[in-house]
Amino acid sequence: MADEQTMTDLKDLAGAVEGTVATPTSTMPLREKKVDAQGRAYATGRRKDAVARVWVKPGTGKITVNGRDQEVYFARPTLRLVINQPFGLTERTGQYDVVATVKGGGLSGQAGAVLHGIAQALTRFEPALRSPVKAAGFLTRDSRAVERKKYGKAKARRSFQFSKR
């Protein structure tokens, strides 16, 4: 019973552990800022069958997808919410203009592809934002896709209805 620790001991221990973990990340070298001649950062985002080419530059927060405003192209509010997640996470809402061209897939996959592209381009424009965006999982390509249909089956896994007679 002499080895018992109090809650304050655990807090001190947790603070010490957090302090040791934070030190190496602060000494990590930042990546270089990648910007083209027009001052834009470019990235490609992918999700399901959709591929988005995204350019990010400082501006007023206007997002254009395939030549149309985001409210017109992504009519559902949930899809617009998905697209704006990297800006909300990094507290950069309304500071960057985004121009994206998307091909393939449906609207949900295209929104995910634009999200992936915006996150990648944002980290290329501001390399210091890489760690929070990466921690949120926005830099990882979501590899889930529709499973192919197999022969002898109605769909990918569903069998035809069994008939006894």
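Relevant structure appears above.
All residue numbers here refer to positions counted from 1 along the written sequence of the relevant chain. At least 70 in pLDDT is required for a residue's local features to be given in this predicted model, at least 80 for side-chain atom pairs to be given and counted, and no such filter applies to totals for whole chains, interfaces and linings, which use all residues. Water and hydrogen atoms play no part in the side-chain values, which are based on all heavy atoms of the structure.

Asker: Which residues make up the overall build of the protein chain, and what values do they have?
Answerer: Secondary structure counts use DSSP, requiring at least four H or I residues in a row for a helix and at least two E residues in a row for a strand, with both numbered from the N terminus. Looking only at helices and strands, the protein chain features 6 helices and 5 strands. From first element to last, N terminus to C terminus, the protein chain shows the α and β order α-β-β-β-β-α-α-α-β-α-α. Think of it in three bands: with a 1.4 Å probe and only protein chains considered, a residue is buried below 20% of the maximum accessible area for its type, exposed above 50%, and partly exposed in between. In the protein chain, buried positions account for 30% of the 165 residues. Each accessible area is a Shrake-Rupley result for a 1.4 Å probe, and residues are judged covered by the shown protein chains and nothing else. Approximately 11400 Å² of the protein chain is accessible, and the part contributed by carbon and sulfur atoms is 55%.

Asker: Tell me what's going on with unusual backbone geometry, and back it up with residues and numbers.
Answerer: We note that K48 has phi near 50 degrees; this positive angle belongs to a residue other than glycine. Within the secondary structure, K48 sits in the loop between β1 (41-47) and β2 (50-58).

Asker: Explain the layout of surface pockets to me, and be specific about the residues and the numbers.
Answerer: The method works on a 1 Å grid over the protein atoms by themselves. A cavity is a set of points holding a 1.4 Å probe that cannot get out, a pocket is an open set with protein on both sides within 12 Å along at least five of seven lines, and residues with an atom within 4 Å of a point line them. Grid points are joined across faces, edges and corners, and a volume is the space filled by probe spheres set on the points. In this structure, the second largest pocket spans a volume of roughly 170 Å³. Considering the residues around the second largest pocket, the lining is formed by R31, E32, K34, Q120, T123, R124, R130 and L139. If one sorts the elements of the lining of the second largest pocket by residue count, helix α5 (residues 107-125) sits on top with 3 residues.

Asker: Tell me about the nonpolar core, and name the residues and values.
Answerer: Nonpolar cores were defined as sets of buried Ala, Val, Leu, Ile, Met, Phe, Trp, Tyr and Cys residues, with membership established by side-chain atoms within 4.5 Å. Ranked by size, the top nonpolar core spans 25 residues in total, and within it F74 and V114 carry the most contacts. When residues of this core are traced back to their parent elements, those giving at least two are β1, β2, β3 (63-65), α3 (77-83), β5 (96-103) and α5. Per-element tally for this core: the top contributor is α5, with 7 residues. What makes two residues a contact is simply this: any of their non-hydrogen atoms within 4.5 Å. If near-sequence neighbours (up to four positions away) are discounted, F74 is found in contact with V65, L79, R80, I83, L107, Q110, A111 and V114. In terms of nonpolar packing, the next biggest core, distinct from the first, is built from 5 residues, L115, V133, F138 and L139 among them.

Asker: So what about the pattern of salt bridges? Which residues, and what values?
Answerer: When a carboxyl oxygen of Asp or Glu is within 4 Å of a side-chain nitrogen of Lys or Arg, the pair counts as a salt bridge. According to the stated counting rule, one finds 6 salt bridges in the structure shown. Across the pair R47 and D142 runs a salt bridge whose closest N-O atoms are separated by 3.5 Å. Of this pair, R47 sits in strand β1 while D142 sits in the segment after α6 (130-135), and the two are 95 residues apart along the sequence. The class for R47 is buried, based on a relative accessible area of 15%. Classification of D142 by relative accessible area gives partly exposed; the value is 25%. A salt bridge links E147 to R157, with the nearest nitrogen and oxygen atoms 3.1 Å apart. With E147 in the segment after α6 and R157 in the segment after α6, this residue pair connects regions lying 10 residues apart in the sequence. Among the ionic contacts, a cluster of salt bridges with common partners joins R47, D142 and R144.

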